[in-house]
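An overview of the molecular structure
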Amino acid sequence: MISSLSPQPLIKPNTGTTLSPIPHVQNQRFKLASHVCPSELLSIRKRPGSACAATTQHRRYLLFPAEEEEEEREVKFTSDAPALAEELQRESMPRHVAVIMDGNRRWAHLRGLPVGSGYEAGVKSLKTLVELCCKWGIRVLTVFAFSSDNWFRPEVEVEFLMSLLESGVKEEKESFIRERIRISVIGDTSKLPKRLEELVINVVETTKNNTRFQLIVAVSYSGQYDLVQACQRIAMKVKDGLIEPNDVSESLIEQELETNCTEFPYPDLLIRTSGELRISNFMLWQLAYTELFFSQSLWPDFGEAEFLEALKSFQQRRRHYGSGGVSSEFANSCYVVYIELFFAQSPRPDFSEAEFLES
Ligand SMILES: CC(C)=CCC/C(C)=C/CC/C(C)=C/COP(=O)(O)OP(=O)(O)O
């Protein structure tokens, strides 16, 4: 972390030259969203930045963790090394995958089966995906299990989905504990049947210290809901005098979104099945720079081969983040800090108030 980089930080500008020490600057200028560093000094954003045109006044720096941290990470990695499919490259695996599990009802209709069979088959696909994520070292999987709009589906269908969630949690709880899987739930869980709400609170609490893999289940969720609840929480803080309106920033919003339950709130890859080309109000803020993959398969048919196809596609992408393109491998490997530099012409003793104002 940044604080541990001192006194000899490994900061390299994109020219490759080593700079030391870290330019000493005010907190605020580095308050960037996405990956907030625990250091009091800086907040950093995990973003690639090789292709930014460097000018004398605006440069990008790649920030590498301190050497001792690299070692620590290496040990963890080798002791828990996942078995990766041959076609995949370890360096460019997504850390967070999000899925819109679409096409369960169509799958059932195509087979002349009741709608519920489609959802049951969908749960099997989800189990397979969780196993694959654990096996291949993906850290977080977020699935859209029930949207805020799904409450308007026929009552019997809603009840069926609720019972499926309940039985899913009950049946899998032991394996979540055994496999060190953390379960998190995002969405308005107060709308769930009381029994299910209590079950959800219990499994979230019981598994909260598990770190191998995190399954985030979006229930009674929409991206707009999440943004509204975050705004409400921020408004309350302003009202209570804890913060000023000017303190509202990307990182503050990020902290109030329900994805604050994870270390990796921004999915690297979003998969939507069934050929529909929409986001459907899912993780609107968090998908800002996510790579999208649309699969023709209906969700119950989405298995290992289909997931491999999505991952291979992801690994071939060059991620842009609004600037120059970099490979997924590079994107995963570095931290980027944006630093604005002002080069004064005067030597230090002559640096005046006027020049400070100019900067
Ligand atoms: C335990 C647990 C997390 C269960 C999740 C079960 C599951 C697969 C839920 C999917 C929910 C859903 C409304 C999908 C949308 O497609 P659709 O099914 O409405 O299909 P359609 O587009 O063919 O109508």
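Scroll up for the structure.
Residues numbered from 1 in each chain as written. Predicted model: local features only at pLDDT ≥ 70, side-chain atom pairs only at ≥ 80, totals over all residues. Heavy atoms only, no water.

1. Thoughts on the overall build of the protein
Along the backbone of the protein there are 11 helices and 11 strands. The proportion of buried residues among the 359 residues of the protein is 47%. Surface exposure of the protein reaches about 19100 Å², of which carbon and sulfur atoms provide 52%. (Helix = DSSP H or I, 4+ residues; strand = E, 2+ residues; numbered from the N terminus. Buried < 20%, exposed > 50% of the residue type's maximum accessible area, 1.4 Å probe, protein only. Areas by Shrake-Rupley, 256 points an atom, 1.4 Å probe, with all protein chains shown as cover.)

2. What about the site of the ligand?
What surrounds the ligand is a group of 15 residues, the closest being D102, N104, R105, R106 and R153. In this structure, D102 approaches the ligand through a side-chain N or O atom, which is 2.7 Å from an oxygen atom. Within the side chain of R105, an N or O atom sits 2.8 Å from an oxygen atom of the ligand. Protein coverage of the free-state accessible area of the ligand, which is 630 Å², stands at 90%. (Near = heavy atom within 4 Å. Polar contact = N/O pair within 3.5 Å; in protein donor to acceptor, adjacent residues only side chain to side chain.)

3. Quick word on the side chain of T273
In this fold, T273 is placed in the loop between β7 (269-272) and β8 (291-294). Polar side-chain contacts of T273 include one of 2.7 Å to the backbone oxygen of D102. Setting aside anything within four residues of it in sequence, one finds T273 in contact with I100, M101, D102, S295, S297, L298, W299 and F302. (Contact = heavy atoms within 4.5 Å.)

4. Concerning unusual backbone geometry
The phi torsion at S220 lies on the positive side, around 50 degrees, for a residue other than glycine. Looking at the secondary structure, you find S220 in strand β6 (residues 213-221). Taking the relative accessible area as the measure of exposure, S220 reaches 1% and is therefore buried. Backbone geometry places N281, a non-glycine residue, at a positive phi of 65 degrees. Positionally, N281 belongs in the loop between β7 and β8. The exposure class assigned to N281 is buried, which follows from its relative accessible area of 19%.

5. Let's talk about the nonpolar core
Within the largest apolar cluster, 44 residues are counted, with the highest numbers of intra-cluster contacts made by V99, W136, L141, L215, I271 and F307. In terms of residue count, helix α4 (residues 115-136) provides more of this core than any other element does, 8 residues in total. Setting aside chain neighbours within four positions, we find W136 in contact with P82, A83, L84, A85, L88, M93, E304, F307, L308 and L311. Formed by 14 residues, the second largest nonpolar core is a distinct cluster that contains I100, F264, F282 and M283. (Core = buried A, V, L, I, M, F, W, Y, C linked by side-chain atoms within 4.5 Å.)

6. A closer look at the pairing of strand β4 (residues 140-147)
The element β4 is extensively covered by neighbouring structure, given that 7 of its 8 residues are classed as buried. Pairing geometry for β4 and β6, over 7 bridges, is parallel. Bridge pairing links V140 to Q214 in β6. (Pairing = 2+ DSSP bridges.)

7. Quick word on the environment of S280
Position of S280 relative to the elements: it lies in the loop between β7 and β8. Using a relative accessible area of 32% as the deciding quantity, one classes S280 as partly exposed. Separated by 140 residues in sequence, S280 and V140 have C-alpha atoms that sit 21 Å apart. Those residues in contact with S280 that lie beyond four places of it in its chain are F144 and R272.

8. Some remarks on the pattern of salt bridges
What the rule picks out here adds up to 21 salt bridges. The partner of D188 in a salt bridge is K191, and the shortest N-O contact between them spans 3.6 Å. Beyond isolated ion pairs, a larger network of salt bridges with shared partners links D102, R106, R272, E276 and R278. (Salt bridge = Lys/Arg side-chain N within 4 Å of Asp/Glu carboxyl O.)

9. Points about the packing of helix α5 (residues 155-178) against helix α6 (residues 194-206)
Pairs of packed helices are described in terms of their axes, by the angle between the two and the distance that separates them. Put simply, α5 and α6 touch, their axes get as near as 10 Å, and they point 20 degrees apart. As summarised for this structure, α5 and α6 are arranged roughly parallel, according to the angle between their axes. Remark: the crossing between α5 and α6 carries left-handed chirality. Residues M162, L165, E166, V169, K170, K173, F176 and I177 of α5 pack against R195, L196, L199, N202, V203 and T206 of α6. (Axes fitted to C-alpha atoms, helices over the stretch in contact; angles between N-to-C directions. Parallel < 35°, antiparallel > 145°, perpendicular 65-115°, else oblique. Left-handed = near helix turned anticlockwise from the far one by under 90°.)

10. Examining the packing of α4 against α5
Where α4 meets α5, the axes come as close as 11 Å, and the angle between the chain directions of the two elements is 30 degrees. Between α4 and α5, the crossing angle belongs to the class labelled roughly parallel. Between α4 and α5 the crossing geometry is right-handed. Where α4 approaches α5, its residues V115, G116, Y119, E120, V123 and K127 are matched on the opposing element by E157, F160, L161, L164 and E172. Taken together, the residues that form the contact of α4 with α5 break down as 6 nonpolar, 1 polar and 4 charged. (Nonpolar A, V, L, I, M, F, W, Y, C, P; charged D, E, K, R; others polar.)

11. Re the sheet that holds strand β5 (residues 181-186)
Pairing in this open sheet of 6 strands is parallel, and the strands run β5-β6-β4-β3-β7-β8 from one edge to the other. Both edges of this open sheet fall to β5 and β8, since each of them pairs with a single strand only. When the angles between neighbouring strand axes are averaged without regard to direction, this sheet yields 20 degrees. Sheet analysis places strand β3 (residues 96-100) next to β7, joined by 4 bridges and oriented parallel. In the sheet register, A98 faces β7, and the bridge partner there is L270.

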